[in-house]
Amino acid sequence: MTYTMQTPARSKRFFRVIRATAFLLLVTPVAAAQQPFITDDADTTPKHHFHFEFSNEFDLLQRASFPSLKQNTADFELDYGVFNAVEIGIESPLLTIVNARRSVPATATGLGDTNSSLKYNFLKEREHSRRPAMAVAFNLELPTGDIRRQLGSGLSDFYMNGILQKSLSHKTKLRLNGGILFSGNETTGVIGIKTRGTVFTGGGSLVRRFTPRLQFGVELTGAVTKHLQLGKGRLETLLGGNYQLRNNFSVDFGLVAGKYSASPRVGAQLGISIDF
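Residues numbered from 1 in each chain as written. Predicted model: local features only at pLDDT ≥ 70, side-chain atom pairs only at ≥ 80, totals over all residues. Heavy atoms only, no water.

S.K.: Provide a residue-level description of the side chain of Q71, including the pertinent values.
M.R.: With respect to the secondary-structure elements, Q71 resides in strand β2 (residues 68-83). Given the relative accessible area of 1%, Q71 is considered buried. Only 3.2 Å separates the side chain of Q71 from the side chain of T73, close enough to count as a polar contact. Within polar-contact distance, the side chain of Q71 engages the backbone oxygen of T188 at 3.0 Å. Residues in contact with Q71, not counting those within four places in the same chain, are E57, F58, D59, L61, L95, T96, I97, T188, G189, V190 and I191. (Helix = DSSP H or I, 4+ residues; strand = E, 2+ residues; numbered from the N terminus. Buried < 20%, exposed > 50% of the residue type's maximum accessible area, 1.4 Å probe, protein only. Polar contact = N/O pair within 3.5 Å; in protein donor to acceptor, adjacent residues only side chain to side chain. Contact = heavy atoms within 4.5 Å.)

As structure tokens, then:
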């Protein structure tokens, strides 16, 4: 057997490459990859880093939404880690609503209402502990959409959401949300509860990582007014997941089915998530 001795210069270059690779692996944030699920996760964007999400969802609407037939929501979200457990964010949708023939307008396109958020992860999950991770999020939505074309609600919405997250195994996570909309209404374009005032929301997702790059899950979310009028509420199921092309970049996908007037009938979503 023959052994080849490395020169000192070659050895130094080798160890510099190893150190640089290790450094990049340590400092590159891993995509949270909670999109396409509506159920929020307890994790926050790392301190002094950004998390960007873009998704496009095309929905066929319930008959109760007539003369509106279809809605396309191109959603942009940017989050920033202020501290290790605190993030702020801004989210704004570009909406296109397709109405029935002879409706005026036949199609409406424009910016929807803009949402600003603050999330605090006050309890982290620990290995070998039964306690879940817990977080709370506050959202203020401003009426930037045109109410005359149904692109905005014309109201300022204030919403608080509680988040619970538990690892059932190294590959499977359960997330539960429960929230209250104190003022405004719950609409994004035509979709959502149009009743003004208190709305209760809830949801849960179960997500499993099947390979180092692919995770897939199922979600059930809903919303109801304080009068518990189910016919005017929202109930949605989503099947979807994401595929990580790089440590900080994922492609997200999902199929949606809904019941009751405030939900889409069926829909499909495709998006990306980037950490930087």
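This is not the end of the story, as more comes after the structure.
S.K.: Mind laying out a nonpolar patch on the surface, listing which residues take part and the relevant values?
M.R.: A grouping of I88, L118, F138, L140, L142, F158, M160 and F182 is seen on the molecular surface, where their side chains present a nonpolar patch of about 640 Å² in accessible area. Among the secondary structure elements, those contributing two or more residues to the nonpolar patch are β6 (133-142) and β7 (157-167). Top contributing element to the nonpolar patch by residue count: β6, with 3 residues. By the element assignment, F158 lies in strand β7. (Patch = residues over 30% accessible without salt bridge, like charges linked within 9 Å, V, L, I, M, F, W, Y side chains within 5 Å. Areas by Shrake-Rupley, 256 points an atom, 1.4 Å probe, with all protein chains shown as cover. Salt bridge = Lys/Arg side-chain N within 4 Å of Asp/Glu carboxyl O.)

S.K.: Any details on unusual backbone geometry? Residues and values, ideally.
M.R.: Omega for the bond connecting F66 with P67 falls within 30 degrees of zero, at 15 degrees, which places this linkage in the cis form. If you trace the backbone, P67 turns up in the loop between β1 (50-61) and β2. The omega angle of the peptide bond from V104 to P105 is 0 degrees, so this bond is cis rather than trans. The phi torsion at H128 lies on the positive side, around 65 degrees, for a residue other than glycine. Counting through the fold element by element, H128 comes out in the loop between β5 (114-123) and β6. Its identity as a non-glycine residue notwithstanding, Q150 has a phi of 65 degrees, on the positive side.

S.K.: Provide a residue-level description of the pairing of β1, including the pertinent values.
M.R.: Judged by which residues are buried, β1 turns out to be one-sided: H51, E53, S55, E57, D59 and L61 face inward and are buried, whereas F50, F52, F54, N56, F58 and L60, on the alternate face, are not. Here β1 folds back onto β2, and the loop between the two strands holds 6 residues. (Pairing = 2+ DSSP bridges.)

S.K.: Please provide a residue-by-residue account of the pattern of salt bridges, values included.
M.R.: Taken as a whole, this structure holds 8 salt bridges when the rule is applied. Between K119 and D41 there is a salt bridge whose closest N-O contact spans 3.2 Å. One end of the pair, K119, is in strand β5; the other, D41, is in the loop between α1 (8-27) and β1, and 78 residues separate them in sequence. According to the relative accessible area criterion, K119 is buried, its value standing at 5%. We classify D41 as buried; its relative accessible area is 4%. Note that K119 and E87 form a salt bridge whose closest N and O atoms lie 4.0 Å from each other. One end of the pair, K119, is in strand β5; the other, E87, is in strand β3 (residues 86-99), and 32 residues separate them in sequence. Overall, the relative accessible area of 8% leaves E87 in the buried class.

S.K.: Give me the lowdown on the nonpolar core, citing residues and values where you can.
M.R.: Counting residues in hydrophobic clusters, the biggest one holds 7 residues: L61, L95, I97, A108, L151, V190 and I191. Dropping the residues within four chain positions of it, V190 is found in contact with L61, S65, S68, Q71, I97 and Q150. Formed by 6 residues, the second largest nonpolar core is a distinct cluster that contains L181, I193, V199 and A223. (Core = buried A, V, L, I, M, F, W, Y, C linked by side-chain atoms within 4.5 Å.)

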